[in-house]
Amino acid sequence: MRAAVEISRAGLNCAVVSKVHPVRSHSVAAQGGINAALKETDSWENHMMDTVKGSDYLGDQDAIEVLTREAPADIMELEGMGAIFSRDDRGKIAQRPFGGAGYPRTCYLADRTGHGLIHVMYEQLMKYGVYLYDEWSVVEIVTGGNSVRGIIALELTTGKLHRLRSKAVIVATGGYGRLFNTTTNALSSTGDGMSLALRQGAPLMDMEFVQFHPTTLKRTGILMTEGARGEGGYLINSSGERFMKRYAPKTLELASRDVISRAEQTEIDGGRGVDGCVLLDLRHLGADRINERLPQIRELSINFAGVDPVAEPIPVKPGVHYSMGGIATDIDGKTPVEGLFAAGECACISVHGANRLGGNSLLETIVFGRRAGVAATGFSLENKLLDFPDGALPGASGEIARILNRTRGEPVYPILKEARDAMERHCWVFRGREGLTAGLKKIRELRERYKKVCVTDRSDSFNTELLTVIEAGYMLELSEVMLISALNREESRGSHFRADFPERNDKDWLRHALVYRKDGGYDIKYRDVKIVRFKPEQRKY
Ligand SMILES: Cc1cc2nc3c(=O)[nH]c(=O)nc-3n(C[C@H](O)[C@H](O)[C@H](O)COP(=O)(O)OP(=O)(O)OC[C@H]3O[C@@H](n4cnc5c(N)ncnc54)[C@H](O)[C@@H]3O)c2cc1C
């Protein structure tokens, strides 16, 4: 949406195609806030240093510099557009502490930051007259040679396939949390754009790095924002001990997410958990502060766990939260495919490296959404509209007809369940060669079974079973890519912890791994990390 605003401001025609209504995009669920060094006592250099350290030195420092330098102006622009940020005592934009940050620099709208910002962006789409194709699911990015020609999308209300011809395409399809059972991500976070871009020759980078958030609610995996710890919440184990003092003595509950998730999993595996969880204690904050700063957390906890945080600690555990890996781009969102850009969670620029800091992702969508919009505008002004290959639409409709017409085969749901179970068992907080190899074997078997999947619903309108089949194709592919990448990286860095290679190894692994599709399989190439200001050091919290 941020990219679309930029393109429309330049006077070009632009369409946003989304498989859910834009304000139901997953960003609406973002709770805790968005980072920027706004105060005189803070600086973008500090923000940059925290982000580089948080990334376990895998983040590209040129990109992180852009993110942190441009953040303050983007926040002020959002405010100008109508974002109602919470205020401090002086009436300035309030900022709360967040994990891995050396300064309270997370701006927020109570604990509903994403909700507020996404409506502001949607208003901007209305203002600039951007064309909207809601509930249209893209099933193919169309290229010819190495150039983008447009997309093919399935209109979910009618079941019709449409071609949209364009000079440029920006993929902004979010993350792939739904590869796992326990996730904070929406049902729509199935990684579509990453798989679609990979099929057209764009590489996926650093796919082994998936963020586990330390405070997801028991059973449902609903997020309990880091803002809850930012406001002073503690983590305790079954004996009431604030166990983080043994893992991150300086920063305790505000260490980075990978560090806290591993600490929690160690407590749980060591028998010091409570029913497979640890406890997030907010009681000492008092009802007034909880109601003012964390109203949604209280509501979610009461409704989904039957626990009122004013009176009882909340049962939480690590859950899949964010996709650090994604479509490899430069700092303007460009991919190696001419006219194909990517921004937001589906992209890997890489500003988060091996571990994202909370509050940097909403920021990434705004800063790099804007920049991708500028770059796509420039590209469109310089290039002609190219032909749409004749065979593309019949090819896509043939593929869908094959699924709908298949009469013998198995349903998709058990395949997805087995895939998610395998990912959760073998590609979790702690990983090792044996488990990853078993996971890969399982996913490859499931991909074979998937080829014969069949549906019971053959209707045209809102055929969610068909949509699930299509999405499962993306998810199975991304699961395989993630397992290959995790097996390949024989070191521990950020969120990727190999129990058989427990140390970080800068000599061999201070580099990005890029996966390409090749001859029906996958090929891995490497790229150096861009180190501009901060030399890699041991990461301690
Ligand atoms: C519960 C939760 C809380 C979070 N809180 C914070 C926070 O406080 N601060 C922070 O910085 N980050 C936070 N994050 C992370 C952050 O919210 C996300 O990384 C970010 O919002 C992703 O935005 P996006 O625009 O890239 O993708 P999304 O908001 O996921 O949007 C993706 C869009 O792509 C569309 N789409 C996907 N596939 C297709 C397809 N095939 N065809 C057509 N359209 C498609 C979807 O319909 C949707 O519109 C949080 C994440 C979660 C899960």
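Here goes a summary of the coordinates provided. Bear in mind the structure is a predicted one, so any value in this text is a computation, not a measurement.

1. What about the packing of aromatic side chains?
Counted by the stated rule, this structure contains seven aromatic pairs. Ring centres 5.4 Å apart and planes at 90° place the aromatic pair Phe430 and Phe497 in the edge-to-face group. Here Phe430, found in strand β18 (residues 430-431), pairs with Phe497, found in strand β19 (residues 497-498); they are 67 residues apart in sequence, far enough to count as distant. Aromatic pair Trp509 and Tyr526: ring centres 6.1 Å apart, planes at 70°, arrangement edge-to-face. In this pair, Trp509 sits in helix α16 (residues 506-509) while Tyr526 sits in strand β21 (residues 521-528), placing the two residues 17 residues apart along the sequence. With relative accessibility at 8%, the residue Trp509 sits in the buried group. The rings of Phe180, Phe212 and Trp428 are connected pair by pair, giving a single aromatic cluster.

2. As for the site of the ligand
Near the ligand you find 32 residues, and of these Ser25, His26, Ser27, Glu345 and Ser361 are the closest. A distance of 3.3 Å separates an oxygen atom of the ligand from a polar backbone atom of Val20. Note that an oxygen atom of the ligand is positioned 3.4 Å from one of the backbone N or O atoms of His26. Out of a free accessible area of 1,000 Å², the ligand has 94% covered by protein chains. Among the elements of the structure, β1 (15-18), β6 (136-144), β14 (314-323) and α11 (360-382) are those that each provide at least two residues to the shell around the ligand. For the shell around the ligand, the leading source of residues is α11, giving four residues. Partitioned by chemical class, the residues of the shell around the ligand number 10 nonpolar, 18 polar and four charged.

3. Overview of the sheet that holds strand β12 (residues 234-236)
The four strands lie next to each other as β11-β14-β13-β12, forming an open sheet whose pairing is antiparallel. Taken across any chain shown, the strands that pair with only one partner, and hence form the sheet edges, are β11 (210-217) and β12. With strand direction ignored, the average angle separating the axes of adjacent strands in the sheet is 45°. Relative to β14, strand β13 (residues 278-281) runs antiparallel, the two sharing three bridges. When the sheet's bridge partners are listed, Val278 is paired in β14 with Val316.

4. Things to note about helix α15 (residues 464-488)
Between the first and last C-alpha of α15 there are 35 Å, a value that for 25 residues agrees with the 36 Å anticipated at 1.5 Å per step. Capping the start of α15 is the job of one residue whose side-chain oxygen sits 3.3 Å from the backbone nitrogen of Glu465: Asn463.

5. A few points about unusual backbone geometry
Ile349 connects to Ser350 through a cis peptide bond whose omega is 0°. As for its position among the elements, Ser350 is in the loop between β17 (347-348) and α11. The phi dihedral of Asp275 is positive, around 55°, even though this residue is not glycine. For Asp275, the location among the structural elements is in the loop between α8 (257-269) and β13.

Calculation notes
- Residues numbered from 1 in each chain as written.
- Predicted model: local features only at pLDDT ≥ 70, side-chain atom pairs only at ≥ 80, totals over all residues.
- Heavy atoms only, no water.
- Phe/Tyr/Trp six-rings, centres within 6.5 Å; stacked < 30°, edge-to-face > 60°.
- Helix = DSSP H or I, 4+ residues; strand = E, 2+ residues; numbered from the N terminus.
- Buried < 20%, exposed > 50% of the residue type's maximum accessible area, 1.4 Å probe, protein only.
- Near = heavy atom within 4 Å.
- Polar contact = N/O pair within 3.5 Å; in protein donor to acceptor, adjacent residues only side chain to side chain.
- Areas by Shrake-Rupley, 256 points an atom, 1.4 Å probe, with all protein chains shown as cover.
- Nonpolar A, V, L, I, M, F, W, Y, C, P; charged D, E, K, R; others polar.
- Pairing = 2+ DSSP bridges.
- Axes fitted to C-alpha atoms, helices over the stretch in contact; angles between N-to-C directions.
- Expected span 1.5 Å × (residues − 1).

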